[in-house]
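For reference, the chains in residue letters:
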Amino acid sequence: QALEAIASDDPLTDVDNHAPLACCSAGVVPPLIDLLRSTSEGLHERAASCVVALLQDENCAKMFLGGGVVKPLVTLATYGGDTTRRHAFSALQLLALDSYGPADILDQGGGKLVSGIQAYGARNMRSSAAELTTSIEGKEQATVMVDPQGRAKMARQTRLRQSKLWSNEGGATFATPRARERIREG
């Protein structure tokens, strides 16, 4: 939680505190990815939330993509508890801003995840899934170059939208035993 607080910029401003890159450069990426793969549901939620805060930085996104974060995020977005799923899904949306993110998300089963949410998810999740689908499909065919400040602004806007979306829903349920097993299998 402390790392997440350090890494979080104020989403209401365009001021960048540069903390995400400092954290990622200090070596937090591999341990966070390991926490996403752990057997502890509580760690999943906190780690996914921290990843979302760090993904505001373009270089951090590249470090996470290079570290193989997409597979555990897709797994958690599919089988995790409600809050964990939300954080994992938000992280996937931020990764879709990177030029390599959409292809990696599709390769790791993100297309099936998004289709399932669009068909069976809550109304607000369906709109988020539609946004991710647009990002994935649009960038799969053509890579769009965005300057670092523009990407940071897009990331903050995505985080703010997700924050508002999730704050309108209450309660969290825990994953079923079978879902926990699927998370462990990763």
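No experiment lies behind these values; they were computed from the predicted model shown.

How each quantity is defined
Residues numbered from 1 in each chain as written. Predicted model: local features only at pLDDT ≥ 70, side-chain atom pairs only at ≥ 80, totals over all residues. Heavy atoms only, no water. Helix = DSSP H or I, 4+ residues; strand = E, 2+ residues; numbered from the N terminus. Buried < 20%, exposed > 50% of the residue type's maximum accessible area, 1.4 Å probe, protein only. Contact = heavy atoms within 4.5 Å. Areas by Shrake-Rupley, 256 points an atom, 1.4 Å probe, with all protein chains shown as cover. Core = buried A, V, L, I, M, F, W, Y, C linked by side-chain atoms within 4.5 Å. Salt bridge = Lys/Arg side-chain N within 4 Å of Asp/Glu carboxyl O. Axes fitted to C-alpha atoms, helices over the stretch in contact; angles between N-to-C directions. Parallel < 35°, antiparallel > 145°, perpendicular 65-115°, else oblique. Left-handed = near helix turned anticlockwise from the far one by under 90°. Nonpolar A, V, L, I, M, F, W, Y, C, P; charged D, E, K, R; others polar. pLDDT = per-residue confidence, 0-100.

Per the secondary structure count, the protein chain includes 12 helices and 0 strands. Secondary structure elements in the protein chain, listed N-terminal to C-terminal, are α-α-α-α-α-α-α-α-α-α-α-α. Counting all 186 residues of the protein chain, 46% fall into the buried class. Taking all contacts inside the protein chain whose residues are at least 6 apart in sequence as the whole, residues at least 24 apart take part in 72%. In the form shown here, the protein chain has an accessible surface area of approximately 9100 Å², with 55% of it arising from carbon and sulfur atoms.

Take the nonpolar core next. Ranked by internal contacts, the top residues of the largest apolar core, which has 42 residues, are Leu 54, Phe 64, Leu 92 and Leu 95. For this core, the elements supplying multiple residues, two or more each, are α2 (19–25), α3 (29–36), α4 (41–54), α5 (58–67), α6 (70–79), α7 (82–95), α9 (110–120) and α10 (123–141). Excluding residues that lie within four positions of it along the chain, Leu 95 makes contacts with Leu 55, Ala 61, Leu 65, Val 69, Val 70, Leu 73, Gly 101, Pro 102 and Ile 105.

Here the focus is the environment of Leu 32. The topology assignment puts Leu 32 in helix α3. Judged by relative accessible area, which is 6%, Leu 32 ranks as buried. Sequence-wise, Leu 32 and Phe 64 are 32 residues apart; in three dimensions their C-alpha atoms are separated by 9.2 Å. In this structure Leu 32 touches Leu 3, Ala 47, Cys 50, Val 51, Leu 54 and Phe 64, once residues within four positions along its chain are discounted.

Applying the stated criterion across every chain yields a total of 3 salt bridges. Taking the shortest distance from any N to any O, the salt bridge between Asp 82 and Arg 85 comes out at 2.3 Å. Placement of both Asp 82 and Arg 85 in helix α7 is noted, with a separation of 3 residues, approximately one turn of the helix. Asp 82 gets classed as buried once you look at its relative accessible area, which sits at 15%.

This paragraph deals with α6. With 7 of 10 residues buried, α6 is to be regarded as a mostly interior element. Of the positions making up α6, those classed as buried are Val 70, Pro 72, Leu 73, Val 74, Thr 75, Leu 76 and Ala 77.

Our focus in this paragraph is the packing of α6 against α7. Between α6 and α7, whose axes approach to 7 Å, the crossing angle comes to 140°. When the axis of α6 is compared with that of α7, the two are oblique. Like other packed secondary-structure pairs, α6 and α7 cross with a definite hand, here left-handed. Contacts between α6 and α7 pair Val 70, Leu 73, Val 74, Leu 76, Ala 77 and Thr 78 from the former with Thr 84, Arg 85, Ala 88, Phe 89, Ala 91, Leu 92 and Leu 95 from the latter. A per-class count over the contact of α6 with α7 returns 10 nonpolar, 2 polar and 1 charged.

Another point: the packing of α4 against α7. When two helices pack together, you describe them by how their axes are tilted relative to each other and by the distance separating the axes. Between α4 and α7, the least distance of the axes is 8 Å, while the angle of their chain directions is 30°. On the basis of their axis angle, the class for α4 and α7 is roughly parallel. With respect to the hand of their crossing, α4 and α7 are arranged in left-handed fashion. Along its contact with α4, which presents Glu 41, His 44, Glu 45, Ala 48, Ser 49, Val 51 and Val 52, the element α7 presents Thr 83, Thr 84, His 87, Ala 88, Ser 90, Ala 91 and Leu 94. Classifying every residue of the contact of α4 with α7 gives 6 nonpolar, 6 polar and 2 charged.

We now examine the confidence of the model for the protein chain. Taken over all residues, the pLDDT of the protein chain has a mean of 77, while the share at 70 or more is 68%. Across the protein chain, the element-wise mean pLDDT spans from 53 in helix α12 (residues 177–185) up to 96 in α3. Here residues 140–145 is a poorly scored stretch, pLDDT under 50, and it has 2 contacts once near neighbours within four places are set aside; other chains count. Confidence drops under pLDDT 50 across residues 169–177; counting only partners more than four residues distant or on other chains, this segment forms 16 contacts.

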